[in-house]
Amino acid sequence: MTAVRFTHIGGPTVLIEFDGWRLLTDPTFDPPGQTYSFGWGTSSRKLAGPALAAADLPPIDAILLTHTHHGDNLDRAGRDLLPAAATVVTTRSGARTLTGAVRGLRAGEMTRLEAPGRPPIDVTATPCRHGPPLSRPLTGEVIGFALTWPGQEYGPLWITGDTVYHRALRRSAAEVRPGTVLLHLGGVGFPLTGRLRYTMTARQAVRLCEKAVPRTVLPVHYEGWQHFRQDREDVERDLRRAPRWVGGLFHWLPLGTPDPVTV
């Protein structure tokens with residue numbers, strides 16, 4: 001059994017601590033009020049700052065970076081943190097834009113994190129499609145991460161990354177069989193592209209849960225940005241229409257406070 005402390009810092013940024021390891025996902029530490037371009041005429045304004053300042057973080061062993069090219073997953077202050085981490089794991093294309101101890105993965109590839117006196121962590125990249133069909137040339141390469149280490153009671157920890165529900169993700173859910181899912185939500189959309197969505201909606205998340213059947217779902221990436229089309233209230237409303245067992249999987253992490261979860 002592994003007791004893991006999750007600290008939701010804001011957006012997709014989470015500090016994950018267990019057995020001497022300190023992992024950080026998608027670091028975003030800029031103050032609110034800035035507008036970021038996502039390319040092709042789309043942009044978003046940051047509405048809320050981080051619940052924990054970058055200066056208050058403990059030393060970070062590894063940063064799990066689902067992609068490098070969008071400011072809501074890697075902003076300026078987050079980018080400044082990368083050199084201090086012992087390892088950064090990200091996409092193959094993203095790794096080419098960074099320096100230091102960076103490992104680039106494609107979906108399906110695996111790397112291992114090791115340190116004396118700690119359990120090894122196998123990190124497998126999982127597929128993401130950050131938008132509608134055929135959108136990858138516009139939205140860029142994105143991956144999720146399935147983390148496996150000795151002593152897990154319920155199965156891998158899966159960080160979905162920014163993705164909509166699609167065939168490859170459905171297959172990955174069946175293969176990973178995660179015990180815990182750090183689920184990127186938000187139903188991202190832009191005025192320029194109308195009803196198209198670039199991350200999962202609550203209804204898509206229900207379908208993913210029905211396929212993966214995890215024990216615990218930890219929603220992230222749903223607050224603090226202008227381009228999120230579904231906040232917590234919207235997600236909870238849709239969950240009330242879902243099968244009761246699916247709604248019971250969801251556990252909302254408090255912002256800025258470590259929350260222990262058995263993984």
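Up top is the structure.
Residues numbered from 1 in each chain as written. Predicted model: local features only at pLDDT ≥ 70, side-chain atom pairs only at ≥ 80, totals over all residues. Heavy atoms only, no water.

Caption draft 1: Main features of the overall build of the protein. Of regular secondary structure, the protein possesses 7 helices and 15 strands. Here the C-alpha radius of gyration of the protein, 17 Å, is about what a compact globule of 263 residues would show, namely 18 Å. Its C-alpha atoms put the protein at 50 × 40 × 35 Å along the principal axes. For the protein, buried positions account for 57% of its 263 residues. Of all intrachain contacts in the protein linking residues separated by at least 6 positions in sequence, the fraction that spans at least 24 positions is 64%. Total accessible area computed for the protein in this model is approximately 11200 Å², and 51% of it derives from carbon and sulfur atoms. Of the charged side chains in the protein, 30 are positive and 24 negative, and the gap between their average positions amounts to 8 Å. (Helix = DSSP H or I, 4+ residues; strand = E, 2+ residues; numbered from the N terminus. Rg over C-alpha atoms; globule rule 2.2 N^0.38 Å. Buried < 20%, exposed > 50% of the residue type's maximum accessible area, 1.4 Å probe, protein only. Contact = heavy atoms within 4.5 Å. Areas by Shrake-Rupley, 256 points an atom, 1.4 Å probe, with all protein chains shown as cover. Lys, Arg positive; Asp, Glu negative; His and termini not counted. Charge placed at Lys NZ, Arg CZ, Asp CG, Glu CD.)

Caption draft 2: Spatial organisation of the nonpolar core. Within the largest apolar cluster, 28 residues are counted, with the highest numbers of intra-cluster contacts made by Phe6, Ile16, Leu23, Ile121, Leu147 and Leu182. Those residues within four positions of phenylalanine 6 in sequence are excluded, and the remaining contacts are Val14, Leu15, Ile16, Leu157, Leu182, Leu218, Leu253, Thr257, Pro258, Asp259, Val261 and Val263. Residues Ala146, Val176, Ala205 and Val246 belong to the second largest nonpolar core, which totals 25 residues. (Core = buried A, V, L, I, M, F, W, Y, C linked by side-chain atoms within 4.5 Å.)

Caption draft 3: Structural context of the packing of helix H4 (residues 167–176) against helix H5 (residues 202–212). Packing of H4 against H5 leaves a shortest axis separation of 8 Å and a crossing angle of 35°. Considering how the two elements wind past one another, H4 and H5 form a crossing that is right-handed. Seen from H4, the contacting residues are Leu169, Arg170, Ala173 and Ala174; seen from H5, they are Leu208, Lys211 and Ala212. Across the contact of H4 with H5, the residue classes tally to 5 nonpolar, no polar and 2 charged. (Axes fitted to C-alpha atoms, helices over the stretch in contact; angles between N-to-C directions. Left-handed = near helix turned anticlockwise from the far one by under 90°. Nonpolar A, V, L, I, M, F, W, Y, C, P; charged D, E, K, R; others polar.)

Caption draft 4: View of the sheet that holds strand E9 (residues 110–113). Reading across the sheet, the 6 strands line up as E9-E10-E11-E12-E13-E14 and stay open at both edges, with mixed pairing between neighbours. The sheet is open, and its two edges are formed by E9 and strand E14 (216–220), each paired on a single side. Strand-to-strand twist across the sheet, computed as the mean angle between neighbouring axes with direction ignored, equals 20°. With 5 bridges connecting them, strand E13 (residues 180–184) and E14 associate as parallel partners. Bridging across to E14, threonine 180 finds its partner in threonine 216. Relative to the sheet, H4 contacts strand E10 (121–127), strand E11 (143–148) and strand E12 (157–159), its axis offset from that of E10 by approximately 155°. (Pairing = 2+ DSSP bridges.)

Caption draft 5: Local environment of the sheet that holds strand E3 (residues 21–25). With mixed pairing, the 7 strands of this open sheet are ordered in space as E8-E7-E6-E3-E2-E1-E15. Sheet topology places strand E8 (102–105) and strand E15 (259–262) at the edges, where each strand pairs with a single neighbour. Pairs of neighbouring strands in the sheet enclose a mean axial angle of 25°, with direction left out of account. Note that strand E1 (residues 3–10) and strand E2 (residues 13–18) share 5 bridges and pair antiparallel. The partner of glycine 10 across the bridge, within E2, is threonine 13.

Caption draft 6: The arrangement of the pairing of E10 in detail. Where burial is concerned, most of E10 is hidden: 6 out of the 7 residues are buried. Note: E9 against E10, 4 bridges, orientation antiparallel. Within E10, the position partnered with methionine 110 by the bridge is threonine 124. As paired elements, E10 and E11 share 6 bridges and run antiparallel to each other. In the sheet register, proline 127 faces E11, and the bridge partner there is isoleucine 143.

Caption draft 7: Just the pattern of salt bridges, in detail. All chains considered together, the criterion is met by 10 salt bridges. With a shortest N-O distance of 3.0 Å, arginine 5 and glutamate 17 are connected by a salt bridge. Placement of the pair is arginine 5 in strand E1 and glutamate 17 in strand E2, with a sequence separation of 12 residues. Classification of glutamate 17 by relative accessible area gives buried; the value is 13%. Close ionic contact of aspartate 61 with arginine 118 constitutes a salt bridge, the shortest N to O distance being 3.0 Å. Of this pair, aspartate 61 sits in the loop between strand E5 (42–45) and strand E6 (62–64) while arginine 118 sits in the loop between E9 and E10, placing them 57 residues apart in sequence. Using a relative accessible area of 16% as the deciding quantity, one classes aspartate 61 as buried. A relative accessible area of 29% places arginine 118 in the partly exposed class. In this structure, a network of salt bridges that share partners links the residues Arg5, Glu17 and Arg22. (Salt bridge = Lys/Arg side-chain N within 4 Å of Asp/Glu carboxyl O.)

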